[in-house]
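Spelled out from the first residue to the last, the chains are:
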Amino acid sequence: MATVTVAPAETGPAAGITTSRPRWDLGQLGPNWYAAVMGTAIVANGAVALPYRVPGRLVLAEALWALAVLALLTLVAARLVHLTRHRAAAREQLLVNPATAVFYGCPPMALLAVGYGTLAVGGHLIGTGPAAALDLALWSLGTLYAVLVAAGIPYLMVTRHELSALRANPTWLLPVVAPMVSAALGPVLLPHLPAALRPGLFYGCYALFGASLLATLVLLPVVFAGLVHSKLPLLLTPSLFLVLGPLGQSTTAAGNLADAAHAAAPHLAGAAFGLAVLYGVAVIGFALLWLLIAGAANLRALRGARMPFAMTWWAFTFPVGTCVTGAAGLTRHTGLAGFGWLTVALYGLLLVLWAVVGVRTVAALAGGRLLRAA
């Protein structure tokens, strides 16, 4: 905890008193902090995706959506201070340090997740029209940001950053997953667009789906090779959960695009439905396998090596949330109760993880262990 010294008064008993309180250094504020917004928003969005009527889910969703909006606004303001007053640190985070540059995939995903929640959850509070307008604005901004990041960060990795494929880790996936979030959350906007614009958005979302999927397939073998060769540093162990992100999000995207095909491209509705089911079942199967691997590795790190809390713990939330929405889509399309119960079980896990990470984050901020001033 940083110490703040109060200048002594010229006379009186209060002279020379010192007080201690946490001080935050916004020069340390990186794009990874948007993971907290993503993780909070996905809990709200996952609640409304549940295939069963759980008491209190809408109230919970609305409260968490409001919290995500507040967190996003606060973080955007803090990052503006960071980018204007700490330009050297911001430049280093993006252009010099590849470990922080990959987290530029988080801001667009935060915008997209909050935008979707504004329509799916906040529409009950602010009205469908304003909610759709806000979602469209956030989706458009988030998608442009996502494409720039998905192209820009790999460009920097190839041309500027000093990297070794033997030390690759799951955070390398963050930039290329962002377009998949756009592909998954764009279809909800179709009913709110003029009919002439719907096919363009529909095909655009499929293009985003393909761009992100193929980029992920290029990176995943490199990431796994890096994990096997170099092992993960203790603090990066939670990043194993990031592999779930493209798996759950692509399943969600395929399902949502299949739903949208009836309105935007009726002649493709059957093919889109088949793709959503066959692709989604296969990918969710692998996601569950990877969840066992990532969960076991993190339990080992927590119990054996006593892994300390860090912002990397937010990797426990959003990726699991994408599996919730992906499983919910499979429930909707297959009608199998097993997928419904899987959705509920994954959401229960998500809720517990979010609560633990959220409490630890607040405590660490209040105690001065995060963003601590020198």
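What this report covers is the structure whose coordinates are included nearby. Just so you know, these numbers come straight off a predicted model, no measurement behind them. (Residues numbered from 1 in each chain as written. Predicted model: local features only at pLDDT ≥ 70, side-chain atom pairs only at ≥ 80, totals over all residues. Heavy atoms only, no water.)

Re the overall build of the chain
(1) Moving on: In terms of regular secondary structure, the chain is built from 13 helices and two strands.
(2) Moving on: The C-alpha atoms of the chain give 22 Å as radius of gyration, which agrees with the globular expectation for 374 residues (21 Å, within 12%).
(3) Moving on: Taken over the C-alpha atoms alone, the chain extends approximately 85 × 50 × 40 Å along its principal axes.
(4) Moving on: Across the 374 residues in the chain, those meeting the buried criterion constitute 51%.
(5) Moving on: Long-range contacts, defined here as pairs at least 24 residues apart, represent 80% of the contacts in the chain between residues at least 6 apart.
(6) Moving on: If you sum the accessible surface of the chain, you get close to 17000 Å²; carbon and sulfur atoms cover 70% of it.
(7) Moving on: Distance between charge centroids for the chain: 9 Å, based on 19 positive and 7 negative side chains. (Helix = DSSP H or I, 4+ residues; strand = E, 2+ residues; numbered from the N terminus. Rg over C-alpha atoms; globule rule 2.2 N^0.38 Å. Buried < 20%, exposed > 50% of the residue type's maximum accessible area, 1.4 Å probe, protein only. Contact = heavy atoms within 4.5 Å. Areas by Shrake-Rupley, 256 points an atom, 1.4 Å probe, with all protein chains shown as cover. Lys, Arg positive; Asp, Glu negative; His and termini not counted. Charge placed at Lys NZ, Arg CZ, Asp CG, Glu CD.)

Points about the side chain of H161
(1) Moving on: Its location among the elements puts H161 in the loop between α7 (128-159) and α8 (174-185).
(2) Moving on: Exposure remark for H161: the relative accessible area of 6% places this residue in the buried category.

Re empty space enclosed by the protein
(1) Moving on: Taken as a whole and assessed by the stated rule, the structure comprises one cavity of 30 Å³ or more.
(2) Moving on: The calculated volume of the largest cavity comes to roughly 230 Å³.
(3) Moving on: Together, 21 residues line the largest cavity, and A35, C106, L174, L242 and A315 are the ones closest to its centre.
(4) Moving on: If you list the elements that add at least two residues to the lining of the largest cavity, you get α1 (34-49), α5 (106-120), α8, α10 (244-264) and α12 (318-334).
(5) Moving on: Its residues assigned to classes, the lining of the largest cavity comprises 16 nonpolar, five polar and no charged. (1 Å grid on protein atoms, 1.4 Å probe; cavity = no way out; pocket = protein on both sides within 12 Å on 5 of 7 lines; lining within 4 Å. Points joined across faces, edges and corners; volume = space filled by probe spheres on them. Nonpolar A, V, L, I, M, F, W, Y, C, P; charged D, E, K, R; others polar.)

Side note on α10
(1) Moving on: When the terminal C-alpha atoms of α10 are compared, their 29 Å separation across 21 residues agrees well with the 30 Å that a helix rising 1.5 Å per residue should span.
(2) Moving on: Helix geometry: α10 is bent most strongly at A258, by close to 25°.
(3) Moving on: With respect to burial, α10 is a largely interior element, 18 of its 21 residues being buried. (Expected span 1.5 Å × (residues − 1). Bend = angle between axes of the 7 residues up to and from the residue.)

Comments concerning the packing of α1 against helix α2 (residues 57-85)
(1) Moving on: Two numbers describe how α1 lies on α2: the axes approach to 8 Å, and their chain directions differ by 160°. Considering their axes alone, α1 and α2 lie roughly antiparallel with respect to each other. As for how α1 packs across α2, the hand of that crossing is left-handed. Here Y34, V37, T40, A41, V43, A44, A47 and V48 of α1 come into contact with α2, specifically with R57, L58, A61, L64, W65, L67, A68, A71, L72, L75, V76 and R79.
(2) Moving on: Grouping the constituent residues of the contact of α1 with α2 by class yields 17 nonpolar, one polar and two charged. (Axes fitted to C-alpha atoms, helices over the stretch in contact; angles between N-to-C directions. Parallel < 35°, antiparallel > 145°, perpendicular 65-115°, else oblique. Left-handed = near helix turned anticlockwise from the far one by under 90°.)

Examining a nonpolar patch on the surface
(1) Moving on: A cluster of nonpolar residues, L125, I126 and L134, forms a patch on the protein surface that exposes about 260 Å² of accessible area.
(2) Moving on: Structurally, L134 can be placed in helix α7. (Patch = residues over 30% accessible without salt bridge, like charges linked within 9 Å, V, L, I, M, F, W, Y side chains within 5 Å. Salt bridge = Lys/Arg side-chain N within 4 Å of Asp/Glu carboxyl O.)

Quick look at unusual backbone geometry
Phi is mostly negative for residues that are not glycine, and the peptide bonds are mostly trans.
(1) Moving on: The phi angle at K231 is positive, at roughly 65°, despite the residue not being glycine.
(2) Moving on: Note on placement: K231 falls in the loop between α9 (198-230) and α10.

Topic: the packing of α5 against α8
(1) Moving on: One can describe the packing of α5 onto α8 by two numbers: an axis separation of 8 Å at closest approach and a directional angle of 15°. The angle between α5 and α8 places the two elements in the roughly parallel class. In the crossing of α5 with α8, the sense of the turn from one axis to the other is left-handed. Between α5 and α8, the residues in contact are C106, P108, M109, L112, A113 and Y116 and L174, V177, A178, V181, S182 and L185, respectively.
(2) Moving on: The residue makeup of the contact of α5 with α8, split by class, is eleven nonpolar, one polar and no charged.

A look at the nonpolar core
(1) Moving on: The biggest cluster of nonpolar side chains holds 117 residues, and the ones touching the most others in it are W33, M109, I153 and L244.
(2) Moving on: Among all residues touching M109, those that are not within four sequence positions of it are M38, L174, V177, A178, V181 and F318. (Core = buried A, V, L, I, M, F, W, Y, C linked by side-chain atoms within 4.5 Å.)

Brief notes about the side chain of T252
(1) Moving on: Along the chain, the position of T252 falls in helix α10.
(2) Moving on: Aside from chain neighbours lying at most four places away, what touches T252 is A184, T322, T325 and G326.

Observations regarding the environment of V96
(1) Moving on: Secondary-structure assignment places V96 in helix α3 (residues 87-96).
(2) Moving on: Between the C-alpha atom of V96 and that of H229, which follows or precedes it by 133 residues, the distance is 24 Å.
(3) Moving on: Ignoring sequence-local partners within four residues, the contact set of V96 consists of R91 and H161.

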